[in-house]
Amino acid sequence: MRTYYEKFLWLILPLAMLGLPLAAVAADNGDCMGCHADADMVGAAFHIDPVRFDTTAHAEIGCQECHASVTANHPDDGDTPSKASCQDCHAEIGAEYAASNHFEMATCNDCHNPHVVRGATAVSGQAMNDKCASCHGSLETVLQHAEWLPQADLHLEMLPCISCHTASLDNVITLYLVKRKDGTRFGGGFTLATHAELTELAGDKSIPSLIDRNEDNYISLAELRMFNLDTDNQPLRLQGMITPETVTHDFRTLDNRWDCTFCHATGPSARQTSFVALIQEDGSYQRIAAEKGAVLDALYGTPDFYMVGATRSKVLDYIGMVIIAGGMVMPIGHGTLRFLTRKNRQRNEEE
Amino acid sequence: MNTENKIYLQPTPVRIWHWLNAFGIVTLTVTGAQIRFPEYVQLFASYKSVILLHNTAGLVVAASFSLWFFYYGLVARNMRKIYVPTKDDLQVGLLRQAKFYLLTYFLGWSNPHHPTPENKFNPMQKSAYMAIMFVLMPVVALSGILLTNVSPLREIVILIGGLKLLVAVHFLTACCLIAFLFTHVYLATLGKTPMAYIKPMWTGWEEVDQHDQHHHSA
């Protein structure tokens, strides 16, 4: 019996050892969050939103990876746990940022709270700009840009600052659901729709089904049109922003961004890719790809998104050409007959 | 030719207004083409300067339009007389004028309409100008004003049906005006000589019809 028990122990020991680190991390995070998830217990400065923290990559590596010196007696030991430097893991980004003129002005943590930080495509463009706005006052920034940029207010609303002020790559069009402020019908403005608001509007269906009606995780032009024409969706509108797929930290003003042609004179071929980004319960955004070229639709694909010189509709181009050609019928047709019958008028004048 | 054979058809303010509009509308057409088709039309080196020029020309033409509207509508109060076709125009005049342009002109007959300062436009001109001045111009100007102020006027843009609809309306109305421009310039060459109708818009004086001159001298 004893021999059998020993054999069994030997068998499960390696398995238990394999599982140990994972269990330790889970226990570690859980231990920390036992207090730090409760704002009343630790105070606002040390409070960590467990729902948001759980969706970060930092939650996966565990609290102790960054706060290595924390002891089992924390906080009774009176020691302040150590904090890892961001560069320990993000050395390349750190070096890139250190070379930028922004480095002197803000630390990593000024823009990125490690307990809530998410990847660029999981946050809204508006949230990206909120970071900048915490130092760069919005009115002052609009006025500065208005000195050279036509419709500066519109540009600052529809573009993440980093699109022009870093070399971030691969800009795409991301459409966010904005909602008319409660109780207003006109003039109240729109804000990003919250998860609770969209859940209420979706009723017993999922939030994506508000637009992705067949829930195939792909938004066709027909689905976009249906969403925009559906009167049930009246408080909601899709607001487009140009967002980068790859984010860099080399903050500066890029020379080619002074030139409107960088975004506007490309013609329709450059603006084919778009996504609809929908907020999830944890506050992150889930992107669903939209049909290629959806933003070029003449009227109802994206009724509020238009980039002059870049997202024109071919159908309208053809209609316009036909109208102008119609105006040429008189000069060409009448002019030809006029030339052929010129003798009639000369004869008449002689008489 | 002495002044007895001429009539003072276009007063100075009207001529200034006309050429200001002409210059403005041509500028808007050319810059508008580059704004919409930048990969094909590159008349100006900088896209930004094209936009600023288009917006400025648009404001000048819109202001000039407002001047016209208030002058004829509130000061001179003859807007209806000059621009709105009468019952007679609609029943007889339109057909008579169309018959002239499409048939009797080629046979060498003279224009059935003789312009006077009080009755400048023939029935077809009246109808065309009415559509242009009361529909197309206000639509293109108002949509242009909205398109240059999207953020502050967003609620109005949404009320209208969205930015895309507004762009479509602005573009297609502009195309209608360009189409009219070709017809307008061509018809302006249809006088006794190609410059006979164009000159009065520059000098103010129109030489009266030779046929009428015989009557006058008789």
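Residues numbered from 1 in each chain as written. Chains lettered and ligands numbered in written order. Predicted model: local features only at pLDDT ≥ 70, side-chain atom pairs only at ≥ 80, totals over all residues.

**So, the overall build of chain A**
Within chain A one finds 16 helices and five strands. Here the C-alpha atoms of chain A give a radius of gyration of 30 Å, more than 25% beyond the 20 Å that 2.2 N^0.38 yields for 351 residues. Considering only contacts within chain A whose residues lie at least 6 apart along the sequence, 64% involve residues at least 24 apart. (Helix = DSSP H or I, 4+ residues; strand = E, 2+ residues; numbered from the N terminus. Rg over C-alpha atoms; globule rule 2.2 N^0.38 Å. Contact = placed C-beta atoms within 7 Å.)

**Details of the overall build of chain B**
Per the secondary structure count, chain B includes nine helices and two strands. Counting only C-alpha atoms, chain B reaches 65 × 40 × 35 Å along its principal axes. Counting over 218 residues, chain B shows a buried share of 23%. Put simply, of all contacts in chain B between residues at least 6 apart along the chain, 69% involve residues at least 24 apart. (Buried ≥ 20, exposed ≤ 12 C-beta atoms within 10 Å, placed from the backbone.)

**Concerning the nonpolar core**
Ranked by internal contacts, the top residues of the largest apolar core, which has 65 residues, are Leu175, Val276, Ala277 and Leu278 of chain A together with Val167 and Leu177 of chain B. In terms of residues, this core owes the most to one element, helix 7 (residues 163-188) of chain B, which gives twelve residues. Dropping the residues within four chain positions of it, Leu177 of chain B is found in contact with Ile25, Leu136 and Val140 of chain B. (Core = buried A, V, L, I, M, F, W, Y, C linked by C-beta atoms within 7 Å.)

**Here we look at helix 15 (residues 314-340) of chain A**
Helix length check: helix 15 of chain A, at 27 residues, gives a terminal C-alpha distance of 38 Å against a target of 39 Å (1.5 Å per residue), a fit within 8%. Along its length, helix 15 of chain A shows its largest kink, about 35°, at Met328 of chain A, and proline Pro331 of chain A lies within four residues downstream of that point. (Expected span 1.5 Å × (residues − 1). Bend = angle between axes of the 7 residues up to and from the residue.)

**Topic: the domain arrangement of chain A**
Along its sequence, chain A is carved into domain 1 (14-75) and domain 2 (120-314). On a C-alpha basis, the centres of domain 1 of chain A and domain 2 of chain A stand 35 Å from each other. (Domains from an automatic or database assignment.)

**Topic: the confidence of the model for chain B**
All names here are of chain B. The predicted model of chain B averages 88 in pLDDT, with 94% of residues at 70 or higher. When mean pLDDT is compared element by element in chain B, helix 7 scores highest at 96, while helix 9 (residues 210-217) scores lowest at 41. Scoring of the predicted complex yields 0.87 for pTM and 0.89 for ipTM. (pLDDT = per-residue confidence, 0-100.)

**Thoughts on the interface of chain B and chain A**
At the interface, 32 residues of chain B touch 39 residues of chain A. Going through the elements one at a time, helix 1 (12-36), helix 2 (47-75), helix 4 (87-107) and helix 7 of chain B are the ones with two or more residues in the side of chain B that touches chain A. The greatest single-element share of the side of chain B that touches chain A, amounting to 16 residues, is contributed by helix 7 of chain B.

**Topic: the pairing of strand 5 (residues 285-289) of chain A**
All names here are of chain A. Bridge count for strand 4 (residues 274-279) against strand 5 is five bridges, and the pairing is antiparallel. By the bridge assignment for strand 5, Val276 is matched with Ile288. Following strand 4, the chain reverses through five residues before pairing antiparallel with strand 5; Gly283 in that reversal takes a positive phi of roughly 95°. (Pairing = 2+ DSSP bridges.)

**A short note on the pairing of strand 1 (residues 169-180) of chain A**
All names here are of chain A. Of the pairings in the sheet, the one linking strand 1 to strand 3 (residues 236-246) comprises ten bridges and is antiparallel in character. Opposite Ile173, over in strand 3, you have Ile242 as the bridge partner. As judged from the four bridges shared by strand 1 and strand 4, these two strands associate in the parallel manner. Directly across from Thr174, in strand 4, lies its bridge partner Phe275. In the sheet, strand 1 pairs with strand 2 (residues 190-192) via three bridges, with the strands oriented antiparallel. Residue pairing for strand 2: Lys179 is matched across the bridge by Thr191.

**Comments concerning the packing of helix 5 (residues 123-147) of chain B against helix 7 of chain B**
Residues and elements named next belong to chain B. The N-to-C vectors of helix 5 and helix 7 enclose an angle of 140°; their axes lie 9 Å apart at closest approach. Two packed elements cross with a definite hand, and for helix 5 against helix 7 that hand is left-handed. Taken together, the residues of helix 7 that come into contact with helix 5 (itself represented by Ala128, Ile132, Leu136, Val139, Val140, Ser143, Gly144, Leu146 and Leu147) are Leu166, Val167, Val169, His170, Thr173, Ala174, Cys176, Leu177 and Phe180. Partitioned by chemical class, the residues of the contact of helix 5 with helix 7 number 14 nonpolar, four polar and no charged. (Axes fitted to C-alpha atoms, helices over the stretch in contact; angles between N-to-C directions. Left-handed = near helix turned anticlockwise from the far one by under 90°. Nonpolar A, V, L, I, M, F, W, Y, C, P; charged D, E, K, R; others polar.)

**Examining unusual backbone geometry**
Residues and elements named next belong to chain A. Note that the residue after His74, namely Pro75, is joined by a cis bond; omega there is 5°. Within the secondary structure, Pro75 is located in the loop between helix 5 (63-66) and helix 6 (91-98). Unlike most non-glycine residues, Glu215 shows phi in positive territory, near 50°. Position of Glu215 among the secondary structure elements: in the loop between helix 12 (195-202) and helix 13 (221-229). Unusually for a residue other than glycine, Asn217 sits at a positive phi of about 60°. Relative to the helices and strands, Asn217 is located in the loop between helix 12 and helix 13.

**Here we look at helix 4 of chain B**
All names here are of chain B. In this model helix 4 runs 28 Å from its N-terminal to its C-terminal C-alpha over 21 residues, within 8% of the 30 Å that 1.5 Å per residue would give. Along helix 4, the largest kink reaches about 50° and is centred on Phe100. Along helix 4, the residues classified as buried are Gly93, Gln97 and Phe100. In this structure, the buried residues of helix 4 make contact with helix 5.

**Comments concerning the packing of helix 1 of chain B against helix 7 of chain B**
All names here are of chain B. Interhelical geometry of helix 1 versus helix 7 gives an angle of 135° and a closest axis separation of 11 Å. Accordingly, the angle class assigned to the pair helix 1 and helix 7 is oblique. Helix 1 and helix 7 meet at a crossing whose hand is left-handed. Note on element contacts: helix 7 touches helix 1 through Phe171, Ala174, Leu177, Ile178 and Leu181, opposite Ile25, Thr29, Gly32 and Arg36. Taken together, the residues of the contact of helix 1 with helix 7 sort by class into six nonpolar, two polar and one charged. (Parallel < 35°, antiparallel > 145°, perpendicular 65-115°, else oblique.)

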